[in-house]
Amino acid sequence: MTTTQLRVRRSIQDIYNDFKSGEDTTTLEKLMVAWQYIKALPPSDPNSFMTLGGFHGEPFAGRGSYDTANYWGGYCNHGNILFPTWHRIYLYKLEKALQSVPGCESVMLPYWDQTYKIVKNGKLTYLGVPSILTDEYFTFTDGATIPNPLKSFTLPMALQDSEEANFYAKPNGYETVRYPLSGLVGTTPDRAATEVNNSAYYIPGTTVIDNNLTTSLLNANVIGWLNGTVDEPTGLAPGGADIPLSKIIGGIDKNYHTSLEAPCYTVFSNATSQGQWNKDHPTALTQALESPHGEIHLAVGGINTPFQDADTTPSIQFIAADANGDMGENETAGLDPIFFFHHCNVDRIFWIWQTNHRSTDKLDITVPGWSDSEIARGPYPGTNNIGNQPPVGYEPQEQLTMDSPLYPFKLVGNGTERHYRSSDAFNIETQLGFKYDNLSIDNNDGTADTLAAVAAIAKLSAPEPKSDKVLIVSGINRANINGSFVIMAYATINGIRHFVGSESVLSRWKVTACRNCMTHLEVSATFSLSQFSEEEVSKAIFDIQIKGRKHNDAEFAKFTLANHANVVKYLSAQGTSVAPLAQMTNLAVATPPTATGKTPFKLEVI
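Just so you know, these numbers come straight off a predicted model, no measurement behind them. (Residues numbered from 1 in each chain as written. Predicted model: local features only at pLDDT ≥ 70, side-chain atom pairs only at ≥ 80, totals over all residues. Heavy atoms only, no water.)

Asker: Explain the overall build of the protein to me, using residue names and the numbers behind them.
Answerer: On a plain count of helices and strands, the protein comes out with 15 helices and 16 strands. In the protein, which comprises 606 residues, the share counted as buried stands at 55%. Long-range pairs, those at least 24 residues apart, make up 69% of the contacts in the protein with a sequence separation of at least 6. Element-wise, carbon and sulfur atoms account for 52% of the exposed surface of the protein, whose accessible area totals about 24800 Å². (Helix = DSSP H or I, 4+ residues; strand = E, 2+ residues; numbered from the N terminus. Buried < 20%, exposed > 50% of the residue type's maximum accessible area, 1.4 Å probe, protein only. Contact = heavy atoms within 4.5 Å. Areas by Shrake-Rupley, 256 points an atom, 1.4 Å probe, with all protein chains shown as cover.)

Given below as structure tokens:
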């Protein structure tokens, strides 16, 4: 296949800009027609959005729909080396469905360029979610107006699988939602809480959601997650209020950039392997692509920014306490159209990593330093399903390779039908016949103000690390936590509580019902302590906070109590009075809450 035959995936914002300027109206209009068409197809049609979107999670299929002791009913691969390649083929199949629509053969799936920057109100920021993905309606050049097919999806059938029916059911006619709205409607109490949450966003005097309001809040949350800017406190004012001192820059943008430096495919590909690498290499921490990918899911799907960023919008102190968007859980994430624009960008970053690391024609799953002499340690975490319940199609004792089938996707080769393999999709150009128009995650709108702001930031040098120590958090059992959540780490030094970092966990509403999720029940995270001196690290009192769905308040309280027990133990060992503890950390005196006396997590500085 020659490069002249390659089709091109472009940024949805660029396509929308061309439509608004009149330079190219056909590309966007055909995209809208194609999406509207596949969403209207009956669930029995293999090209229907209900069928394709449902492959990720619900509705459950195959053995996972009845053999709940051994299989999960979804096909998606997370937390293993098939995460990038499975989703690459998933996007490819959705794209082929769009191209099957009469007159839409040229349609390509666009990507949402999440790190695209602009200047707004005199400050450099992010575009956020393109309005073409959030507008209620779309008007064609001939004047015809339709509901925007990229905004949401209305289910043509109920989601009520046996493992989910009692807590995460969705009725026929349910419409997917995003932050700050809630779509939790599986039980009577959940429906009541959802009604209270969503009514806060009604247009006054009506029962109609104010789309302008919810879109602005969604953008504020997404931009906050992308930016990752937090206020560091200088101390505690009367009443325990933090006084801002400085800024820490992190967030999804930084994590995407860090992932491009991952040393090998296995570590780049998934969060499980990332965890093992960071544990073994505390002075060479990295990010897997799966981690910032999951943060976008949480930002859109209803988890508030770990630390609200005062530079994003006037509503920054707003917190959606009971938001439960569909992108935030694996059961329904694939049924929100924005999922595919997000994952198209994830695949673009995957291709950038491949290009940068000369891995466009082969993906090597070996990990430097994990040699045959260490065989007693077993296969590298994230490369196997040994001892665990796999997704649909896999067997419990199966080692994963680049030739493992990518269920349920099939191709026909030499007259024989078989399932796709990762090795069928190493090279998007020679094997799949497309390319991306842009291989940068530093794009902007190109205005003079934006270029000047970007140039000014580029001149800033990163602070020199003060310590090579890291904080390792382990032993968190996510089987006890409903839905996705964020681990946040803090260090209290000389009475000042500092934010250390956060790690997101994209999960599902009821992990104990998810046999694939049982593969990775224990969650761990590694945080750099380079912003502190060695002396400060030695004095620090570390604690953990979990932020997630409101249903978990009782479970999250266990972390608060265990934090306090850790602090009391530390201060007592130092001969320090614990009297000012409640004021310092806002924690009540208590003992570890579990029946066995075990704390719900472990902290270690190495």
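Asker: How would you summarise the packing of aromatic side chains if you had to cite specific residues and measurements?
Answerer: Using the criterion set out here, one finds 25 aromatic pairs in the structure. Ring geometry for Phe138 against Phe140: centres 5.0 Å apart, planes inclined by 80°, an arrangement best described as edge-to-face. Judged by relative accessible area, Phe140 falls into the buried class, the value being 13%. Aromatic pair Trp370 and Tyr380: ring centres 4.7 Å apart, planes at 80°, arrangement edge-to-face. Taken together, the residues Trp370 in the loop between α11 (338-356) and β8 (405-413) and Tyr380 in the loop between α11 and β8 connect sequence positions 10 residues apart. Its end group placed over the ring of Tyr490, Arg497 keeps NZ or CZ at 3.8 Å from the ring centre. (Phe/Tyr/Trp six-rings, centres within 6.5 Å; stacked < 30°, edge-to-face > 60°. Lys NZ or Arg CZ within 6 Å of the ring centre and 35° of its normal.)

Asker: So what's going on with the nonpolar core? Which residues, and what values?
Answerer: Buried together is how nonpolar side chains tend to be arranged in soluble globular proteins. Judged by nonpolar contacts, the single largest core of 105 residues is most densely connected at Leu28, Trp35, Ile38, Leu94, Ile132 and Phe340. Take this core: its biggest share by element is 11 residues, from α11. Apart from residues lying up to four places away in sequence, Phe340 is in contact with Trp35, Phe49, Gly53, Tyr90, Leu91, Leu94, Leu109, Pro110 and Gly334. Judged by nonpolar contacts, the second largest core, of 24 residues, contains Ala489, Val523, Leu529 and Ala540. (Core = buried A, V, L, I, M, F, W, Y, C linked by side-chain atoms within 4.5 Å.)

Asker: Can you lay out unusual backbone geometry for me, pointing to particular residues and giving the numbers?
Answerer: A cis amide bond links Glu58 with the next residue in sequence, Pro59, at an omega value of 0°. As for its placement among the helices and strands, Pro59 is situated in the loop between α3 (49-54) and α4 (83-99). A cis amide bond links Tyr407 with the next residue in sequence, Pro408, at an omega value of 0°. Here Pro408 lies in strand β8. The phi angle at Arg358 is positive, at roughly 50°, despite the residue not being glycine.

Asker: Can you explain the sheet that holds strand β16 (residues 602-605)? Please cite residues and give values.
Answerer: If you walk across this open sheet you meet the three strands as β14-β11-β16, and the pairing is antiparallel. For this open sheet the edge positions go to β14 (522-528) and β16, each flanked by a neighbour on one side alone. In this sheet, adjacent strand axes meet at a mean angle of 15° when their direction is disregarded. Across six bridges, strand β11 (residues 470-477) lies against β14 in antiparallel orientation. (Pairing = 2+ DSSP bridges. Axes fitted to C-alpha atoms, helices over the stretch in contact; angles between N-to-C directions.)

Asker: How would you summarise the sheet that holds strand β12 (residues 485-493) if you had to cite specific residues and measurements?
Answerer: One key point about sheets: their strands pair by backbone hydrogen bonds, in either a parallel or an antiparallel sense. Overall, antiparallel pairing links the three strands, which are arranged β13-β12-β15 in an open sheet. Edge positions in the sheet fall to β13 (496-505) and β15 (541-548), since each of these pairs with one other strand and no more. Within the sheet, the average angular offset between the axes of one strand and its neighbour, ignoring direction, is 20°. Alignment of β12 against β15, held across eight bridges, turns out to be antiparallel. Bridge pairing links Ile487 to Ile546 in β15.

Asker: For α4, give the residues involved together with the corresponding values.
Answerer: Helix length check: α4 (17 residues) gives 25 Å between terminal C-alpha atoms against 24 Å at 1.5 Å per residue, within 8%. Taking burial as the measure, the 17 residues of α4 include 15 buried ones, the bulk of the element. (Expected span 1.5 Å × (residues − 1).)

Asker: Residues and numbers for the side chain of Arg9, please.
Answerer: Relative to the helices and strands, Arg9 is located in strand β1 (residues 7-9). Since its relative accessible area comes to 1%, Arg9 is described here as buried. Discounting chain neighbours no more than four positions away, the residues touching Arg9 are Leu91, Tyr92, Glu95, Met108, Leu109, Tyr111, Cys344, Asp347, Phe434, Lys435, Tyr436 and Asp437.

Asker: Report on the pattern of salt bridges, specifying residues and quantitative values.
Answerer: Scanning the entire structure with this criterion turns up 14 salt bridges. Of the charged contacts in the structure, one is a salt bridge between Arg348 and Asp113, with a shortest N-O distance of 3.3 Å. You can see Arg348 sitting in helix α11 and its partner Asp113 sitting in the loop between α4 and β2 (117-120), a full 235 residues away along the chain. A single burial state applies to Arg348 and to Asp113, both of which are buried. Residue Arg497 pairs with Asp543 through a salt bridge whose shortest N-O separation is 2.5 Å. Note that Arg497 is positioned in strand β13 and Asp543 in strand β15, a separation of 46 residues in sequence. Look at Asp543 and you get buried, because its relative accessible area is 4%. Connected via shared salt-bridge partners are Arg9, Arg88, Glu95 and Asp347. (Salt bridge = Lys/Arg side-chain N within 4 Å of Asp/Glu carboxyl O.)

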